[in-house]
Each structure stands twice: as C-alpha cells, then as structure tokens.
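# Results of the structural survey
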Amino acid sequence: MAAVDRRRLLLMLGAGAAALATGLGRHALATGSDIRFFRIGTGGPSGTYFPLGAEIANALSNPPGSRDCAKGGACGVPGVIAVAQASQGSVENVEAVVKGQFESALCQADVANWAYGGTNGFAKEGPHPELRALANLYAESLHIVVRADGPIHTVKDLKGKRVSLGEPESGTLVDARLILAGAGLTEKEVKASYMKLTAATAGLADGSIDGFFQIAGWPVAAITELAQSTPVRILPIPAEMAEHLHKKWSYLAADRIPAGTYAGINEDIDTLGIGAEWITTDKIEADFAYRLVKALWNESNQKMIENGHPIGKRIKLAKAIEGLAIPLHPGAERFYREAGLLVQASQSQ
C-alpha cells in the first residue's frame, strides 16, 4: 500500500478505530488477518503533540495488505493500526495510560516523573510504578517571555512583577516554581497569575502582565504571533543555574532556542529543556514494545516523521534515552542495547 494511501486510510480510520479500540483494548481482531489497534494519547489538535502523534502513528502502522517495507511500503509493525488520540495533554495522558484507555502517550518528562513517584499533582492518588518509557523524543523548551522594551532582563528581575506562571496543575506551573526557586525567589515574591497561553500573550501585549512562563517545543505558535506585533525578549537561564537545577531535577537539562526562532530575537537563548517522552506501561508485552520502538527508529519512518512535522527534525535516535524520567520498558531497553546506546551511556558515565 502506497504511503499516501496508508496515510489516508489511517485518517479515515481515526475516530472509528479509536472508538473501536476503546472497547477492544489490547485484543486482536480476527478479520482474515489479525489487526491490533494501538492508541497514542497526544494533546489538543492545535498543539504540537497531536500532529506529531499522528506522524508517529502513521510510522507504527502496517495494516494487512500493506506493501513490504523493503519495496517502499509500510515499515511499521505488521497488523498494527496506530491512532493518535486528542487529549488535554500530559496529565490526562498519564492517567489514561494507567487506566488502559490509551496504550501509550506523549508526555512531558516531569509529569511522567511525578506520576511514577506519586509526587506533586499525583501525591493524592499515589505512585504509578507500572509506567515505562519507550523513548525520549525531543526537548520542550522553557520560555520566559517579557516585553523587549521593559526593564526585565533576568529571572531575578521578575521579583515584584506581574507574571503568569502557567495554568493551575500544569507542568509549566510546577516548573515555573522550580525556576523561581533556582533564582532565589518564591512564588509570593512575584505578582502571580495562572493563565492559559492565549490569555498570557494577550496580557503581555496589552500591558496587564509583565511576563509569562511557557514550556513547549519551539517555535510556539502563540509566541510567534505575539512577537510579530509586540517586541519581546526571552529570558536566558545562566549556565550555573541550569547546572544547579539539573543536579536537583535530572529531567531539567540545558537547552537552547536558536536565533531567529521568533521575530526580533536575533541571538541564541540559553534556557532549560524538558524531554517530551513516549510512554506506556509494563502491561505491554516486551516483544511488542521492542517492535514498536524498532519501527519508530526505522530509517524510512524517520524520514517520514522529519518531513511530516517541523519537530520531527529534532527527533534523533542518538538522544532517545537522554534524560528519561521513568524506567525504560524492557522491550525498548532491548532495542537500545542492540543499537549500542545503553553501552555508550554506561561508558560515558
């Protein structure tokens, strides 16, 4: 089956296959050939997770009748139809994976870490030790956005200023608190608000707030739009602060937003990155997880993902196990050991 036909099939199957999979779970259907539906929790349709998840679903899928990978056909897992499911994002994704509503999901590394250990927003419901990682995909960058014509140049300058720290119970909010603490500030030392991104960009534009935090893969569409009408700057994270935070919270790592990503910002911005991870649970069989991960990193599939979404160019096998916040699934571990990544990681320590 040609790639374009397979993509069209998956799009048509999207809602129907997802609903069917909800009832069937992990069980195969007998329809002449065994078919296994595989749901990937993503995010809102206008965000990054959903379109990227759709590309990954396309890469993993290999419905009956598909042309052989070696002949330019599907390079996914035979019999699998993967479907990207829209969601509210990382927190909902973790909860849905734990409940078996999704077989896997995209998730911010820190949220996965909290859910695994039962901390922060997951303290009440307790730990979920069944969570497992399949891959680190790319870094979601910390954006601390202020007006370019204002007096704020460092994180410490946020003291006493009107700052949106992110939505309640969001990953951005919890990490904003960590960043403030790293700069020697408390939440009470800023005039904090807790806005959605669209409200925060509007607030910065009309002057009702002085800055806002957002964690997302660059370029963030809302910030791109803001920068085209309101000159902005993104506050840098000094190297020593980044190192301090990384030692305390291993999933926070040094990152960089390239010059020219946003209008008027003509130099690289050193910041922090948090991995966007592909997660599942230990209920997925090791051999099946191995085949899923192998399909993700298939050379043909990698080219398809790179061409299918801007973030795809940043998804590299070499970084697949960097900064993981939860244990690797045994099937994924087998693949990365065969690929030499685990040996390289152990030798570099």
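Residues numbered from 1 in each chain as written. Predicted model: local features only at pLDDT ≥ 70, side-chain atom pairs only at ≥ 80, totals over all residues. Heavy atoms only, no water.

Okay, the overall build of the chain next. Helix and strand content of the chain: twelve helices and eleven strands. For the chain, buried positions account for 52% of its 349 residues. Here the analysis covers contacts within the chain between residues at least 6 apart in sequence; of these, 72% occur between residues at least 24 apart. Total accessible area computed for the chain in this model is approximately 15600 Å², and 54% of it derives from carbon and sulfur atoms. (Helix = DSSP H or I, 4+ residues; strand = E, 2+ residues; numbered from the N terminus. Buried < 20%, exposed > 50% of the residue type's maximum accessible area, 1.4 Å probe, protein only. Contact = heavy atoms within 4.5 Å. Areas by Shrake-Rupley, 256 points an atom, 1.4 Å probe, with all protein chains shown as cover.)

A few words now on the state of the cysteines. Throughout the structure, instances matching the rule amount to one disulfide. Each sulfur of the disulfide joining C69 and C75 lies 2.0 Å from the other. Disulfide C69-C75: the torsion about the S-S bond is 85 degrees, which places it as right-handed. A relative accessible area of 8% means that C75 is categorised as buried. (Disulfide = S-S within 2.5 Å.)

Attention now moves to the pattern of salt bridges. Note on pairing: side chains with opposite charge can pair once their charged atoms come close. Tallied over the full model, the rule gives 15 salt bridges. Two residues, R39 and E103, come together in a salt bridge whose shortest N-O distance is 2.3 Å. In this pair, R39 is assigned in strand β2 (residues 34–41) and E103 in the loop between α3 (90–99) and β4 (104–108), connecting sequence segments 64 residues apart. With relative accessibility at 1%, the residue R39 sits in the buried group. For E103, a relative accessible area of 6% gives the class buried. Among the salt bridges present, the one from E338 reaches R334, with a minimum N-O distance of 3.4 Å. Taken together, the positions of E338 and R334, both in helix α11 (residues 330–338) and four residues apart, correspond to about one turn of that helix. Residue class for R334 comes out partly exposed when judged on its relative accessible area of 39%. By sharing partners, the salt bridges in this structure join D287, R291, R334 and E338 into a single network. (Salt bridge = Lys/Arg side-chain N within 4 Å of Asp/Glu carboxyl O.)

One can describe the packing of helix α4 (residues 109–117) onto helix α5 (residues 171–182) by two numbers: an axis separation of 9 Å at closest approach and a directional angle of 90 degrees. With respect to each other, α4 and α5 are oriented roughly perpendicular. Every residue of α5 that contacts α4 at D110, V111 and W114 is listed here: G171, V174 and D175. Class assignment for the residues of the contact of α4 with α5 results in three nonpolar, one polar and two charged. (Axes fitted to C-alpha atoms, helices over the stretch in contact; angles between N-to-C directions. Parallel < 35°, antiparallel > 145°, perpendicular 65-115°, else oblique. Nonpolar A, V, L, I, M, F, W, Y, C, P; charged D, E, K, R; others polar.)

Contact geometry of helix α2 (residues 49–60) with helix α9 (residues 286–296) gives a least axis separation of 9 Å together with a crossing angle of 110 degrees. Taken together, α2 and α9 sit at an angle that is classed as roughly perpendicular. The two elements α2 and α9 meet at a crossing, and its hand is right-handed. For the pair α2 and α9, the contacting residues are I56, A59 and L60 in the first and L292, A295 and L296 in the second. (Left-handed = near helix turned anticlockwise from the far one by under 90°.)

Of all the residues in helix α7 (residues 221–229), the buried ones are A222, I223, L226 and A227. What you see down the axis of α7 is that its buried residues fit within an arc of 130 degrees, all on one side. Exposed positions of α7 whose direction lies more than 90 degrees from the buried face are A221, E225, Q228 and S229. Those residues of α7 that are buried lie in contact with β5 (131–147), α6 (197–206), β8 (211–216) and β9 (232–234). (Arc of directions from axis to C-beta.)

Cis geometry marks the peptide bond from W218 to P219, where omega comes out at -5 degrees. Along the chain, the position of P219 falls in the loop between β8 and α7.

With respect to burial, strand β11 (residues 269–281) is a largely interior element, twelve of its 13 residues being buried. One ladder, built from nine bridges, connects β5 with β11; its direction is antiparallel. By the bridge assignment for β11, A133 is matched with I279. With six bridges connecting them, strand β10 (residues 252–257) and β11 associate as antiparallel partners. Across the sheet, residue L252 finds its bridge partner in β11, namely I274. (Pairing = 2+ DSSP bridges.)

This part takes up the confidence of the model for the chain. Low-pLDDT portions of the prediction should not be read for the details of their coordinates. Confidence in the prediction of the chain, expressed as mean pLDDT, is 87, and 88% of residues score 70 or more. Confidence over residues 1–32 falls short of pLDDT 50; this stretch has 52 contacts with residues more than four positions distant or in other chains. (pLDDT = per-residue confidence, 0-100.)

Below, the discussion takes up the side chain of T230. When you line up the elements, T230 lands in the loop between α7 and β9. Since its relative accessible area comes to 7%, T230 is described here as buried. Residues within four places of T230 in sequence aside, it is in contact with R147 and A205.

Counting 85 residues, the largest nonpolar core has F38, L60, L158, I179, F213, W278 and Y336 as its most contacted members. Ranked by residue count, the leading element in this core is β5, at nine residues. Excluding residues that lie within four positions of it along the chain, F38 makes contacts with L60, V80, I81, A82, V83, E103, S104, W278, I284, F288 and L292. V145, L197, I223 and Y262 belong to the second largest nonpolar core, which has 18 residues in total. (Core = buried A, V, L, I, M, F, W, Y, C linked by side-chain atoms within 4.5 Å.)

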